[in-house]
Amino acid sequence: NSSQNSIQASSDLVMVIEVIRQGIRAPTPAEFDPYWADRIGLLLPEGNHQMFKLGQSIAADYPHLFTTHNSQEVYVRSLNISRTIETAQAHLNGIFDGMNTLKNGTKRGLLLPEIHTVDLSQDYLMYSFNSLVCPSAKNRKDAQLRTDGYAIFANKMASTVDNILKLTGEDLEMHSVSQLQNTLWIDHLVKRDFPPPFDKISYNSELWKNMTFLHDF
């Protein structure tokens, strides 16, 4: 029993490493929905709220880990991009909301842990997939596109491009289908109607499922 108790004590959670993307952002680019033209890639209010709620959820799951906002105990790293920095800020606001809020609802104004960034060209940890950091990144991606596996995938998805053309009159390259799906997905998340001529695409249709599969590939 004593050995079991020792194992139990030593297996208590003492650290959480969390890796997240940004909250809901505006599309990049906005060629398929001009509505987003003046806020390309920016974190949206819905994304800010999403990250705040996620922070509250993390704090509720691990309350014993977030009893302090000491920067020696909580380390935050972000890409040096406005939407990811704002995402980290909203997430921290959610995590420490309970500590920062008095019983009457008044905010204490506590300083939250610092959000660390480095120049994108030097970010070998979080931006290594980009040719700005890794010179061979583009060559690796191009090599993947020349594989037999990708050729099989492209042939299977050719019908998706054809169906979009038949339905909307838009003749798209396969990479553009991914951008279109992302734009329409964001429209859906913020409860916007799909813009013409893409309003002919039904959410949850077989075509939409294939577009989503292509985007996620």
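Read on for an overview of the structure. Keep in mind that what you see is a predicted model, and the values were worked out from it rather than measured.

Quick notes on the rules
- Residues numbered from 1 in each chain as written.
- Predicted model: local features only at pLDDT ≥ 70, side-chain atom pairs only at ≥ 80, totals over all residues.
- Heavy atoms only, no water.
- Buried < 20%, exposed > 50% of the residue type's maximum accessible area, 1.4 Å probe, protein only.
- Helix = DSSP H or I, 4+ residues; strand = E, 2+ residues; numbered from the N terminus.
- Arc of directions from axis to C-beta.
- Contact = heavy atoms within 4.5 Å.
- Axes fitted to C-alpha atoms, helices over the stretch in contact; angles between N-to-C directions.
- Parallel < 35°, antiparallel > 145°, perpendicular 65-115°, else oblique.
- Left-handed = near helix turned anticlockwise from the far one by under 90°.
- Phe/Tyr/Trp six-rings, centres within 6.5 Å; stacked < 30°, edge-to-face > 60°.
- Lys NZ or Arg CZ within 6 Å of the ring centre and 35° of its normal.
- Core = buried A, V, L, I, M, F, W, Y, C linked by side-chain atoms within 4.5 Å.
- Nonpolar A, V, L, I, M, F, W, Y, C, P; charged D, E, K, R; others polar.

### As for helix 8 (residues 206-216)
Among all positions of helix 8, only Leu-207, Trp-208, Met-211 and Leu-214 are buried. Summarising the axial view, the buried residues of helix 8 lie within an arc of 120 degrees, below the 170-degree limit, and thus occupy one face. Structural note: helix 8 exposes Glu-206 and Asp-216 on the side pointing more than 90 degrees away from its buried face. In the core, the buried residues of helix 8 are packed alongside helix 6 (148-168) and helix 7 (174-189).

### Focus on the side chain of Asp-123
With respect to the helices, strands and loops of the structure, Asp-123 is situated in the loop between strand 2 (115-116) and helix 5 (137-145). Among the residues examined, Asp-123 registers a relative accessible area of 0% and is labelled buried. If we skip the residues at most four places from it in the chain, Asp-123 touches Arg-77, Ser-78, Leu-79, Val-118, Ser-128 and Val-133.

### Some remarks on the packing of helix 7 against helix 8
Helix 8 packs onto helix 7 with a crossing angle of 110 degrees between their chain directions and a minimal axis gap of 8 Å. Between helix 7 and helix 8, the angle is such that the two are roughly perpendicular. Handedness of the helix 7/helix 8 crossing: left-handed. Counted together, Met-174, Val-177, Ser-178, Leu-180, Gln-181, Asn-182, Leu-184 and Trp-185 of helix 7 and Trp-208, Met-211, Thr-212, Leu-214 and His-215 of helix 8 form the full contact between these two elements.

### Examining the packing of aromatic side chains
Using the criterion set out here, one finds nine aromatic pairs in the structure. Measuring from centroid to centroid gives 6.0 Å for Phe-66 and Phe-96, while their planes differ by 90 degrees, and the two rings are edge-to-face. Taken together, the residues Phe-66 in the loop between helix 2 (45-61) and strand 1 (76-77) and Phe-96 in the loop between helix 3 (82-95) and helix 4 (97-100) connect sequence positions 30 residues apart. The exposure classification of Phe-66 matches that of Phe-96, with both residues buried. A ring pair is formed by Tyr-203 and Trp-208, whose centres lie 5.4 Å apart and whose planes are at 55 degrees; its orientation type is tilted. One aromatic cluster in this structure is built from Trp-185, Phe-194, Tyr-203 and Trp-208. Here the guanidinium or amino end of Arg-192 rests over the ring plane of Tyr-35, the centre of that ring lying 3.8 Å away.

### What about the nonpolar core?
With 18 residues, the main nonpolar core has Ile-164, Val-177, Leu-180, Leu-184, Ile-201 and Met-211 as its most contacted residues. At the level of elements, helix 6, helix 7 and helix 8 are the ones that each hand at least two residues to this core. With five residues, the top contributor of residues to this core is helix 6. In terms of nonpolar packing, the next biggest core, distinct from the first, is built from twelve residues, Ile-58, Ala-59, Val-74 and Met-99 among them.

### Structural notes on the packing of helix 6 against helix 8
One way to put it is that helix 6 packs onto helix 8 with a least axis distance of 10 Å and a crossing angle of 130 degrees. Accordingly, the angle class assigned to the pair helix 6 and helix 8 is oblique. The two elements helix 6 and helix 8 meet at a crossing, and its hand is left-handed. Within the contact between the two elements, helix 6 uses Phe-153, Met-157, Thr-160, Asn-163, Ile-164 and Leu-167 and helix 8 uses Leu-207, Asn-210, Met-211, Phe-213 and Leu-214. Looking at the contact of helix 6 with helix 8 residue by residue, the classes come out as eight nonpolar, three polar and no charged.

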